[in-house]
Amino acid sequence: METKENVVVSLPLMEDFYTIQGEGFYQGSAAYFIRLGGCDVGCVWCDVKESWDASAHPLVSVGEMARRAKDSGAQIVVVTGGEPVMYDLAALTDTLKAAGLRTHLETSGAYPITGTWDWICFSPKKFKVPDDSVLTKADELKVIVYNKSDFVWGEEFASRVNNKCHLFLQPEWSKEKEVLPFIIEYVKSNPKWQVSLQVHKYMNIP
Ligand code: SF4
(Lines give C-alpha, C1' and ligand atoms only; values in the text may rest on other atoms or scores of the structure.)
Protein backbone atom coordinates (compact mmCIF):
# COMPACT_ATOMS: atom_id res chain seq x y z
CA MET A 1 0.00 0.00 0.00
CA GLU A 2 1.34 3.44 -0.92
CA THR A 3 -0.10 6.67 0.43
CA LYS A 4 0.21 10.35 -0.50
CA GLU A 5 -0.95 12.84 2.13
CA ASN A 6 -2.73 9.92 3.84
CA VAL A 7 -4.63 8.94 0.67
CA VAL A 8 -4.04 5.39 -0.58
CA VAL A 9 -2.75 5.90 -4.10
CA SER A 10 -1.59 2.40 -4.90
CA LEU A 11 -2.50 -1.09 -3.75
CA PRO A 12 -1.03 -4.59 -4.16
CA LEU A 13 -2.64 -6.06 -7.26
CA MET A 14 -2.60 -9.82 -7.77
CA GLU A 15 -4.51 -9.81 -11.05
CA ASP A 16 -7.17 -7.95 -12.99
CA PHE A 17 -9.26 -9.23 -15.86
CA TYR A 18 -12.54 -8.80 -17.71
CA THR A 19 -14.85 -11.78 -17.40
CA ILE A 20 -18.34 -12.90 -16.39
CA GLN A 21 -19.37 -12.69 -12.74
CA GLY A 22 -20.01 -16.32 -11.90
CA GLU A 23 -21.60 -16.05 -8.45
CA GLY A 24 -24.44 -14.49 -6.52
CA PHE A 25 -26.88 -11.75 -7.52
CA TYR A 26 -24.92 -10.52 -10.57
CA GLN A 27 -24.17 -14.02 -11.85
CA GLY A 28 -23.91 -13.95 -15.63
CA SER A 29 -23.07 -10.22 -15.90
CA ALA A 30 -19.90 -8.96 -17.54
CA ALA A 31 -17.56 -7.50 -14.93
CA TYR A 32 -13.97 -6.35 -14.59
CA PHE A 33 -12.30 -8.04 -11.60
CA ILE A 34 -9.62 -6.34 -9.54
CA ARG A 35 -8.09 -8.91 -7.21
CA LEU A 36 -6.04 -7.21 -4.50
CA GLY A 37 -3.24 -9.09 -2.76
CA GLY A 38 -3.23 -9.61 0.99
CA CYS A 39 -5.48 -11.66 3.27
CA ASP A 40 -5.20 -12.60 6.95
CA VAL A 41 -8.47 -14.54 7.23
CA GLY A 42 -6.92 -17.97 6.65
CA CYS A 43 -9.78 -20.13 5.30
CA VAL A 44 -8.56 -23.73 5.14
CA TRP A 45 -10.30 -24.34 1.81
CA CYS A 46 -9.19 -21.03 0.22
CA ASP A 47 -8.65 -21.45 -3.53
CA VAL A 48 -6.55 -18.26 -3.87
CA LYS A 49 -3.92 -18.84 -1.20
CA GLU A 50 -1.37 -17.19 -3.48
CA SER A 51 -3.20 -13.92 -2.72
CA TRP A 52 -2.43 -14.02 1.01
CA ASP A 53 1.03 -12.43 0.97
CA ALA A 54 0.52 -8.79 -0.05
CA SER A 55 4.25 -8.27 -0.57
CA ALA A 56 4.23 -10.88 -3.36
CA HIS A 57 2.14 -8.57 -5.55
CA PRO A 58 3.15 -5.33 -7.26
CA LEU A 59 1.82 -1.98 -6.10
CA VAL A 60 -0.36 -0.50 -8.83
CA SER A 61 -1.88 2.98 -8.73
CA VAL A 62 -5.65 3.28 -8.37
CA GLY A 63 -5.63 5.45 -11.52
CA GLU A 64 -3.95 2.69 -13.53
CA MET A 65 -6.46 0.11 -12.26
CA ALA A 66 -9.39 2.36 -13.21
CA ARG A 67 -7.88 3.06 -16.64
CA ARG A 68 -7.52 -0.65 -17.41
CA ALA A 69 -11.07 -1.37 -16.21
CA LYS A 70 -12.50 1.48 -18.30
CA ASP A 71 -10.53 0.45 -21.39
CA SER A 72 -11.95 -3.08 -21.15
CA GLY A 73 -15.44 -1.76 -21.90
CA ALA A 74 -16.79 -3.04 -18.57
CA GLN A 75 -19.57 -1.24 -16.72
CA ILE A 76 -19.15 -3.12 -13.45
CA VAL A 77 -15.92 -3.45 -11.49
CA VAL A 78 -15.73 -6.15 -8.81
CA VAL A 79 -13.05 -5.52 -6.18
CA THR A 80 -12.09 -8.80 -4.56
CA GLY A 81 -9.09 -10.50 -3.01
CA GLY A 82 -7.50 -11.59 -0.92
CA GLU A 83 -9.40 -9.49 1.56
CA PRO A 84 -9.80 -6.01 0.03
CA VAL A 85 -11.16 -4.33 3.17
CA MET A 86 -7.73 -4.64 4.77
CA TYR A 87 -7.09 -1.39 2.89
CA ASP A 88 -8.63 2.05 2.74
CA LEU A 89 -10.50 1.76 -0.55
CA ALA A 90 -11.88 5.31 -0.74
CA ALA A 91 -9.42 6.54 -3.39
CA LEU A 92 -9.93 3.41 -5.48
CA THR A 93 -13.73 3.70 -5.51
CA ASP A 94 -13.59 7.48 -6.06
CA THR A 95 -11.38 6.91 -9.10
CA LEU A 96 -13.54 4.10 -10.47
CA LYS A 97 -16.69 6.16 -10.02
CA ALA A 98 -15.08 9.20 -11.64
CA ALA A 99 -14.51 6.93 -14.65
CA GLY A 100 -18.26 6.13 -14.71
CA LEU A 101 -17.90 2.57 -13.43
CA ARG A 102 -20.12 0.70 -10.98
CA THR A 103 -18.26 -0.42 -7.86
CA HIS A 104 -18.95 -3.87 -6.42
CA LEU A 105 -17.14 -5.31 -3.40
CA GLU A 106 -16.63 -8.94 -2.35
CA THR A 107 -15.56 -9.21 1.27
CA SER A 108 -15.57 -11.41 4.34
CA GLY A 109 -16.19 -8.21 6.34
CA ALA A 110 -13.06 -8.81 8.39
CA TYR A 111 -12.55 -5.04 8.83
CA PRO A 112 -14.79 -1.94 8.62
CA ILE A 113 -15.63 -1.06 5.03
CA THR A 114 -14.22 2.04 3.39
CA GLY A 115 -15.05 3.45 -0.04
CA THR A 116 -18.28 4.12 -1.94
CA TRP A 117 -19.98 0.97 -3.17
CA ASP A 118 -22.91 0.30 -5.49
CA TRP A 119 -23.04 -3.30 -4.32
CA ILE A 120 -21.55 -5.18 -1.38
CA CYS A 121 -21.37 -8.96 -1.34
CA PHE A 122 -20.69 -10.10 2.22
CA SER A 123 -19.35 -13.62 2.50
CA PRO A 124 -18.53 -14.26 6.17
CA LYS A 125 -15.81 -16.74 7.06
CA LYS A 126 -15.59 -18.84 10.23
CA PHE A 127 -11.90 -18.12 10.49
CA LYS A 128 -12.26 -14.41 11.36
CA VAL A 129 -15.29 -12.77 12.98
CA PRO A 130 -16.75 -10.10 10.68
CA ASP A 131 -16.99 -6.47 11.74
CA ASP A 132 -20.61 -5.66 12.68
CA SER A 133 -20.72 -2.63 10.37
CA VAL A 134 -20.88 -4.84 7.26
CA LEU A 135 -24.21 -6.34 8.34
CA THR A 136 -26.17 -3.14 7.73
CA LYS A 137 -24.36 -2.35 4.48
CA ALA A 138 -24.51 -5.75 2.75
CA ASP A 139 -26.65 -6.02 -0.41
CA GLU A 140 -25.99 -9.73 -0.63
CA LEU A 141 -25.08 -12.39 1.95
CA LYS A 142 -23.23 -15.31 0.38
CA VAL A 143 -22.66 -18.25 2.71
CA ILE A 144 -20.18 -20.84 1.50
CA VAL A 145 -21.40 -24.29 2.53
CA TYR A 146 -18.60 -26.70 3.37
CA ASN A 147 -20.63 -28.99 5.61
CA LYS A 148 -24.15 -29.19 7.03
CA SER A 149 -23.35 -27.14 10.14
CA ASP A 150 -22.91 -24.12 7.85
CA PHE A 151 -26.70 -23.82 7.46
CA VAL A 152 -27.09 -22.98 11.17
CA TRP A 153 -24.11 -20.66 10.99
CA GLY A 154 -25.52 -18.93 7.89
CA GLU A 155 -28.90 -18.40 9.56
CA GLU A 156 -27.14 -16.49 12.31
CA PHE A 157 -25.97 -13.90 9.77
CA ALA A 158 -29.26 -13.95 7.85
CA SER A 159 -31.02 -12.84 11.04
CA ARG A 160 -28.59 -9.95 11.48
CA VAL A 161 -28.24 -8.45 7.99
CA ASN A 162 -30.59 -5.69 6.82
CA ASN A 163 -33.98 -6.84 5.49
CA LYS A 164 -33.21 -5.91 1.85
CA CYS A 165 -30.17 -8.18 1.74
CA HIS A 166 -30.37 -11.08 -0.75
CA LEU A 167 -29.47 -14.46 0.73
CA PHE A 168 -27.38 -17.04 -1.14
CA LEU A 169 -26.03 -20.48 -0.25
CA GLN A 170 -23.09 -21.58 -2.36
CA PRO A 171 -21.32 -24.94 -2.19
CA GLU A 172 -17.59 -24.82 -1.54
CA TRP A 173 -16.18 -25.90 -4.90
CA SER A 174 -14.27 -29.00 -3.76
CA LYS A 175 -17.37 -30.22 -1.86
CA GLU A 176 -19.94 -29.33 -4.47
CA LYS A 177 -21.11 -32.85 -5.36
CA GLU A 178 -21.44 -33.72 -1.68
CA VAL A 179 -23.21 -30.61 -0.34
CA LEU A 180 -25.30 -29.44 -3.32
CA PRO A 181 -28.14 -31.96 -2.69
CA PHE A 182 -28.38 -30.66 0.92
CA ILE A 183 -28.40 -27.04 -0.28
CA ILE A 184 -31.19 -27.80 -2.77
CA GLU A 185 -33.35 -29.38 -0.07
CA TYR A 186 -32.53 -26.57 2.37
CA VAL A 187 -33.56 -23.85 -0.09
CA LYS A 188 -36.81 -25.69 -0.90
CA SER A 189 -37.62 -25.75 2.83
CA ASN A 190 -36.30 -22.20 3.45
CA PRO A 191 -37.15 -20.23 0.29
CA LYS A 192 -35.79 -16.92 1.55
CA TRP A 193 -32.44 -18.38 0.41
CA GLN A 194 -31.29 -18.90 -3.19
CA VAL A 195 -28.69 -21.29 -4.59
CA SER A 196 -25.49 -19.72 -5.94
CA LEU A 197 -23.13 -21.79 -8.10
CA GLN A 198 -19.72 -20.79 -9.37
CA VAL A 199 -20.85 -20.90 -12.99
CA HIS A 200 -17.60 -19.34 -14.28
CA LYS A 201 -15.94 -22.65 -13.40
CA TYR A 202 -18.37 -24.47 -15.71
CA MET A 203 -17.55 -21.94 -18.43
CA ASN A 204 -13.80 -22.45 -17.87
CA ILE A 205 -13.21 -18.75 -17.42
CA PRO A 206 -11.47 -16.99 -14.51
S1 SF4 B 1 -11.15 -14.59 2.89
FE2 SF4 B 1 -11.05 -15.23 0.76
S3 SF4 B 1 -8.89 -14.94 0.14
FE4 SF4 B 1 -8.97 -14.87 2.39
S5 SF4 B 1 -8.52 -16.97 3.04
FE6 SF4 B 1 -10.75 -16.80 2.93
S7 SF4 B 1 -11.32 -17.47 0.85
FE8 SF4 B 1 -9.08 -17.04 0.86
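Up top you'll find the structure we're talking about.
Residues numbered from 1 in each chain as written. Predicted model: local features only at pLDDT ≥ 70, side-chain atom pairs only at ≥ 80, totals over all residues. Heavy atoms only, no water.

(A) Expanded view of the overall build of the protein chain. The number of helices and strands found in the protein chain is 6 helices and 10 strands. For 206 residues, the compact-globule estimate of 2.2 N^0.38 gives 17 Å, and the C-alpha radius of gyration of the protein chain, at 17 Å, lies within 12% of that figure. A principal-axis box enclosing the C-alpha atoms of the protein chain has dimensions of 50 × 35 × 30 Å. Within the span of the protein chain, comprising 206 residues, buried residues form 50% of the whole. Partitioning the intrachain contacts of the protein chain with sequence separation of at least 6 by distance along the chain shows that 62% fall at a separation of at least 24. Carbon and sulfur atoms form 53% of the exposed surface of the protein chain, whose accessible area is close to 9700 Å². (Helix = DSSP H or I, 4+ residues; strand = E, 2+ residues; numbered from the N terminus. Rg over C-alpha atoms; globule rule 2.2 N^0.38 Å. Buried < 20%, exposed > 50% of the residue type's maximum accessible area, 1.4 Å probe, protein only. Contact = heavy atoms within 4.5 Å. Areas by Shrake-Rupley, 256 points an atom, 1.4 Å probe, with all protein chains shown as cover.)

(B) Quick peek at the site of the ligand. Taken together, Cys39, Val41, Gly42, Cys43, Cys46, Val48, Trp52 and Gly82 make up the full set of residues adjacent to the ligand. Looking at the shell around the ligand residue by residue, the class counts come to 6 nonpolar, 2 polar and no charged. (Near = heavy atom within 4 Å. Nonpolar A, V, L, I, M, F, W, Y, C, P; charged D, E, K, R; others polar.)

(C) A look at the environment of Leu96. By the element assignment, Leu96 lies in helix α2 (residues 90-98). Remark: the alpha-carbon pair of Leu96 and Val77, spanning 19 residues in sequence, is separated by 8.0 Å. Setting aside its immediate chain neighbours within four residues, Leu96 contacts Ile34, Ala66, Val77, Val79, Leu101 and Thr103.

(D) The arrangement of helix α4 (residues 149-158) in detail. Counting buried residues along α4, 7 of its 10 residues qualify, which places the element largely inside the surrounding structure. Buried within α4 we find Asp150, Phe151, Trp153, Gly154, Glu155, Phe157 and Ala158. Next to the buried residues of α4 lie β7 (119-122), α3 (133-137), β8 (140-145), β9 (166-171), α5 (176-189) and β10 (193-195).

(E) Looking closely at the environment of Gln170. Position of Gln170 among the secondary structure elements: in strand β9. Considered as a pair, Gln170 and Ile144 are 26 residues apart in the sequence and their alpha carbons are 4.9 Å apart. Looking at Gln170, its side chain comes within polar contact range of the side chain of Glu23, at 3.3 Å. (Polar contact = N/O pair within 3.5 Å; in protein donor to acceptor, adjacent residues only side chain to side chain.)

Just distances and angles here, no functional claims.
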